[in-house]
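Commentary on secondary and tertiary structure
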Amino acid sequence: MKRKVAAASPSGGKSETRSPVLDDSYKLLFDAAPDAILVVDSNGIIRLNNAEAERLLEAGAGELRGLAVERLIPLPARKHHSKLRESYMDDPRKRPMGIGLSLSAMKLSGREFPVEISLSPTSSGNGSSRDVIVILRDVSDRLQARRTERELVRANALARVSEAALRERELGGALREVADIASLPLAADVFGVFMLNAERELLDCVASAGALHARFESQAIPRSERMLSGQALANATPVLIGDALSVEDSLCDLLRELHVRSLMIAPLNDRERGNGLLIAGALEPNRFTTEDIAFLEAIANIVSNALQRNSIEEKLLLSQRLESLGQLTGGVAHDFNNLLTVMSGNLQILGDSKLEDSYAERALAAANRAAQRGSELTSKLLAFSRRQTLRPESIDVATLLGGFRDLLARTIGANVEIVVHTEPHLPLIVADSGQLETALLNLAVNARDAMPNGGKLTIDASTFDANDANTMTNPELPPGHYVRISVTDTGVGMSRDTLARAFEPFFTTKGAGKGSGLGLSMVYGFAKQSAGHVSAYSEPSFGTTINLYLPASAKKAKVQAAKREKSAPALRGDETVLIVEDDDGVRAIAEQFLQALGYRVRAAADQAAAIAILETHRDIDLLFSDVVLRGGETGPKVAAALQKLKPELPVLYASGYARDALPLQIAIDGELSFLRKPYTREALGRAVRDVLDRKRDIPRKSVKRRSRSK
């Protein structure tokens, strides 16, 4: 027995075309099918459906028949579906859809759900036209299972990355393992870990993974804020690119050579300082999703924490090494002093006797001199180990340095110019005056040795306030009020490796017999034992500055602090300041300080970037520039270039060198507005406010002069 089913026309009336006819056995199979089945005619009208279709699409009995199939398409795709259907009817064939793709259908209630669809053409009942059998399968559970599985895989990968970062002591090995682990859940064709080199000018690929990793290894890309890599570093934000072909960038150029289309970048940061990037790429465009970039960013956070931990551990190991050396040298010095006491005592006894042999007298004198040198050596060892006997007293630094200049002139020779500068109204310091003079003499002698052909030695004394907010550049300096005594030379400077070991005892770059390597060690021990600190700042070919921080007298420090508190409101402003600083960490600190004081800030790492900013933003009120920049650039050169675009642009310079000890290679003409590094937020605010206020007063003074001349 056959049953005829009527079909509705698109207008809602009954179609003249007869519905498909199913006998009872086929009807039983049709309704028992586990998937939703629809029969749609060439006009897109549903002519027949099974019970599963009504259940899946939340339709009542017979409600689907006569509906346009577009009623089951989500609204955003509905207007395009009729054209796709007509195109299919021109060339009907069996076609699975949605496998590996993201397709959605819409229930009659309006709720969307993910589906897989199969299409199969068949002749209509009278053979005059073709119908299409549509099979719908809800894949929500499958997608949820896949999503859960993917989340488990990625959670496991994050755990393995964390374990590798904690386990591996060698950074390179840890990064290689991270690349191998992270690339698999992303199905990345190439994955690279790029780290800034020592000069912070290039990003070197230090680890890679994926099918294309061999071509990615050892690659390098320039660091520039005009490129994706530089932007990710500067802004500390991830980047997701659907198609690298549409982006002009040196990194994308490198990836295009590898036929990579999809791209993700996540920065590696140490506090506010960018250190490197994680880069993932795929050959297909639009491969990566927001979930993928979130996973990559999570990996980057783990690696960044590991880098920070390594940095802290290195500093801790250095501190522990110096402490261990201090304990060792203190013990050796103590025992050696006992031996020297015995030897020198016996030499004195022998000296009291009348020796008839002239050779014996000369030998006795030589032994006495050797004992004296041994005593001096043990004094230096005790100073480094912080076991020397100190007699702290209140010292007027200006008076001490004034009398000390003549001693230095006799000690270091005539070919070295000596400049002593002290800030007015310095507070007293608390220290051992004899040991302070010895420390300064050691620093001066080291400076002289770094200037074999002569040069300039500058001793500068100024106040320095250290607190929790202003010690980012000096984390070992306890909060408090200090006088900073800086000894600066214009010599050969130190490399980073040499600078890292400068305060170690017996470490020296001088030739054999030309230095004990204990001069800076003694200064280090004296500063620490005096509740202060010592730091070094150096650039190869530009000289060295040693900063000695000694605690200020409590009474004077309180007076100074009260004065600063009263003047605090004058630090603020709302002008726009352009910062030019090649060190990412220092630039970030300057930005934070100025923004906290109310200023608008724009920042650049070099002259080219500064010019680009000024060309776009002409509202710059002040240039705040480092004096010594990388690549042969200097602050004065940057200022000259910017003042061609904006004459009368005021400039404030900053440097780790003292004002009177700027490298001889850098020419600064005219009046100089200058700020010493490391600076506090208050010191920066006072300097910026002073320059801006002086600039504002100049026109007023000019007007007054003209009115008087009339």
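You'll find the structure just up there.
Only a predicted model underlies this, so the values are computations on that prediction, with no experimental measurement involved.

**Topic: the pairing of strand 24 (residues 622-626)**
Of all five residues in strand 24, five are buried; the element is thus mostly enclosed. Burial of the side chains of strand 24 extends over both faces: Leu622, Phe624 and Asp626 are buried on one face and Leu623 and Ser625 on the other. Note: strand 22 (residues 576-580) against strand 24, four bridges, orientation parallel. Within the sheet, the bridge partner assigned to Leu578 lies in strand 24 and is Leu623. The pairing of strand 24 with strand 25 (residues 651-655) spans four bridges and is parallel. Following the sheet pairing, Ser625 is matched in strand 25 by Tyr653.

**Points about the pattern of salt bridges**
In the structure shown here, the tally under the stated rule is twelve salt bridges. Between Arg47 and Asp131 there is a salt bridge whose closest N-O contact spans 2.3 Å. In this pair, Arg47 is assigned in strand 4 (residues 46-49) and Asp131 in strand 8 (residues 130-138), connecting sequence segments 84 residues apart. With respect to class, Arg47 is no different from Asp131; both count as buried. In this structure, Asp292 engages Arg154 in a salt bridge whose closest nitrogen and oxygen atoms are separated by 2.4 Å. Of the two residues, Asp292 is situated in helix 9 (residues 290-352) and Arg154 in helix 4 (residues 140-167); the sequence distance between them amounts to 138 residues. A single burial state applies to Asp292 and to Arg154, both of which are buried. Members of the salt-bridge network, linked through shared partners, are Glu575, Arg689 and Asp693.

**Details of the environment of Ala266**
Inspection of the secondary structure assignment puts Ala266 in strand 13 (residues 262-270). Counting along the chain gives 26 residues from Ala266 to Leu240, while the straight-line C-alpha distance between them is 8.9 Å. If we skip the residues at most four places from it in the chain, Ala266 touches Pro238, Gly276, Leu277, Leu278, Leu296, Glu297 and Ala300.

**As for the sheet that holds strand 21 (residues 543-551)**
To summarise the sheet geometry, strands pair through backbone hydrogen bonds and adopt either a parallel or an antiparallel arrangement. Strand order in this open sheet of five strands is 16-18-19-21-20, and the pairing throughout is mixed. The sheet is open, and its two borders are formed by strand 16 (416-422) and strand 20 (533-539), each paired with just one other strand. Neighbour-to-neighbour, the strand axes of this sheet turn through a mean angle of 20 degrees, independent of strand direction. Pairing of strand 16 with strand 18 (residues 455-466), which is carried by seven bridges, proceeds in the parallel orientation. By the bridge assignment, Val419 is partnered in strand 18 with Thr458. Against the sheet, helix 11 (residues 397-412) touches strand 16, strand 18 and strand 19 (480-489), its axis set at about 175 degrees to strand 16. Sitting on the sheet, helix 12 (residues 433-449) touches strand 18, strand 19 and strand 21, and the angle it makes with strand 19 is about 30 degrees.

**Description of the packing of aromatic side chains**
This model, assessed by the stated rule, comprises one aromatic pair. Consider the rings of Phe464 and Tyr549, whose centres lie 5.3 Å apart with planes at 65 degrees: the pair is edge-to-face. With Phe464 in strand 18 and Tyr549 in strand 21, the pair connects residues that are 85 residues apart, well separated along the chain. Directly above the ring of Phe113 sits Lys107, whose terminal nitrogen or CZ lies 4.2 Å from the centroid. Sitting above the plane of the Phe295 ring, Arg154 keeps its charged end 5.1 Å from the centroid.

**Describing the environment of Leu48**
In this fold, Leu48 is placed in strand 4. Spatially, the C-alpha atoms of Leu48 and Gly62 are 8.8 Å apart, while their sequence positions differ by 14 residues.

What counts and how
- Residues numbered from 1 in each chain as written.
- Predicted model: local features only at pLDDT ≥ 70, side-chain atom pairs only at ≥ 80, totals over all residues.
- Heavy atoms only, no water.
- Buried < 20%, exposed > 50% of the residue type's maximum accessible area, 1.4 Å probe, protein only.
- Helix = DSSP H or I, 4+ residues; strand = E, 2+ residues; numbered from the N terminus.
- Pairing = 2+ DSSP bridges.
- Salt bridge = Lys/Arg side-chain N within 4 Å of Asp/Glu carboxyl O.
- Contact = heavy atoms within 4.5 Å.
- Axes fitted to C-alpha atoms, helices over the stretch in contact; angles between N-to-C directions.
- Phe/Tyr/Trp six-rings, centres within 6.5 Å; stacked < 30°, edge-to-face > 60°.
- Lys NZ or Arg CZ within 6 Å of the ring centre and 35° of its normal.

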